[in-house]
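Below are the chains, spelled out letter by letter.
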Amino acid sequence: MAKRACALHILVKTEAECQALKAQLDKGADFHQLAKKHSLCPSGKKGGDLGEFSKGDMVGPFDKAVFTGPELKVQGPVKTRFGYHLIKVLYRH
């Protein structure tokens, strides 16, 4: 079981906004650019890059998505107390 992961994410307030951004990504939009423009998280300035983190470092639903979902595929919307996330796992180990 992976203990560490590296992921990108975009955090927005509403599920509708999250779905609209996911649709753009599905059509080939650049994840980094959308994160810089739309993400409410400070990581948005870095294209949504959260760097490498350990299992359990993030809130429950986010952590579950990162450590059980597919790599290199955009997941979401994932709802947490912060809002709605689109998550792209770069790697796990």
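Our structure's up above, just so we're on the same page.
Residues numbered from 1 in each chain as written. Predicted model: local features only at pLDDT ≥ 70, side-chain atom pairs only at ≥ 80, totals over all residues. Heavy atoms only, no water.

Chemist: So what exactly am I meant to see when it comes to the packing of aromatic side chains here?
Modeler: Describing an aromatic ring pair means giving the distance of the ring centres and the angle of the ring planes. Counting across every chain of the model gives 1 aromatic pair. Ring plane angle 85 degrees and centroid distance 6.3 Å describe the contact between Phe 53 and Phe 67, whose orientation is recorded as edge-to-face. Highlighted residues: Phe 53 in strand β2 (residues 49-54) and Phe 67 in helix α3 (residues 60-68), separated in sequence by 14 residues. (Phe/Tyr/Trp six-rings, centres within 6.5 Å; stacked < 30°, edge-to-face > 60°. Helix = DSSP H or I, 4+ residues; strand = E, 2+ residues; numbered from the N terminus.)

Chemist: How should helix α2 (residues 31-38) be read in this particular structure?
Modeler: Side chains of residues three or four places apart in an α-helix project in the same direction, reflecting 3.6 residues per turn. Listed in full, the buried residues belonging to α2 are Phe 31, Leu 34 and Ala 35. Burial along α2 is one-sided: seen end-on, the buried residues are contained in an arc of 100 degrees. Looking at the packing, one finds that the buried side of α2 touches β1 (4-12), α1 (15-26), β3 (74-80) and β4 (83-92). Put simply, Asp 30 is the residue that caps the front of α2, since its side-chain oxygen is 3.2 Å from the backbone nitrogen of His 32. (Buried < 20%, exposed > 50% of the residue type's maximum accessible area, 1.4 Å probe, protein only. Arc of directions from axis to C-beta. Contact = heavy atoms within 4.5 Å. Polar contact = N/O pair within 3.5 Å; in protein donor to acceptor, adjacent residues only side chain to side chain.)

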